[in-house]
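An overview of the molecular structure
Single-letter residue listing:
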Amino acid sequence: MTRGETLKILIDYDLFGINVKDHFAVYLKTDEFTGKHLVYFFGVGEFAEFEDSSVERTNPDVVTEDNKNFISRVRTLRITCPV
């Protein structure tokens, strides 16, 4: 998958009181340990993780301008304070 492409959610999933089945989300990355895909829902304003079988690539490897703008501002959390 390409960072920023759009995925459609195929399963019933309650995300803070909203069923996101059939909603579209922006793909961010796949966790190397769990294999789940991290996505962001513009309409809900929340992140979630889904397995391969729970998502559908709507337009593989195509990243819209809105998604490009969004992913340009999203970074993986890093600890910058020395311990």
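An account of the accompanying structure is given in this report.

What counts and what doesn't
Residues numbered from 1 in each chain as written. Predicted model: local features only at pLDDT ≥ 70, side-chain atom pairs only at ≥ 80, totals over all residues. Heavy atoms only, no water. Helix = DSSP H or I, 4+ residues; strand = E, 2+ residues; numbered from the N terminus. Buried < 20%, exposed > 50% of the residue type's maximum accessible area, 1.4 Å probe, protein only. Contact = heavy atoms within 4.5 Å. Polar contact = N/O pair within 3.5 Å; in protein donor to acceptor, adjacent residues only side chain to side chain. Pairing = 2+ DSSP bridges. Axes fitted to C-alpha atoms, helices over the stretch in contact; angles between N-to-C directions.

Description of the overall build of the chain
Of the regular secondary structure elements, the chain holds one helix and seven strands. Each principal axis of the C-alpha atoms in the chain carries an extent, and together these give about 45 × 30 × 25 Å. Across the 83 residues that make up the chain, the buried fraction comes to 30%. Within the chain, counting contacts between residues at least 6 apart in sequence, those at least 24 apart form 50% of the total.

Remarks on the side chain of Asn-67
Considering the arrangement of structural elements, one finds Asn-67 in helix H1 (residues 65–71). A distance of 3.2 Å separates a polar atom in the side chain of Asn-67 from a polar atom in the side chain of Thr-6.

Quick word on the sheet that holds strand E6 (residues 46–50)
Taken in spatial order, the five strands line up as E6-E5-E4-E1-E7 in an open sheet, and their pairing is antiparallel. Two strands bound the open sheet, and with one partner strand each, they are E6 and strand E7 (55–57). Across this sheet, the average inter-strand angle for adjacent strands is 40°, counted without regard to direction.

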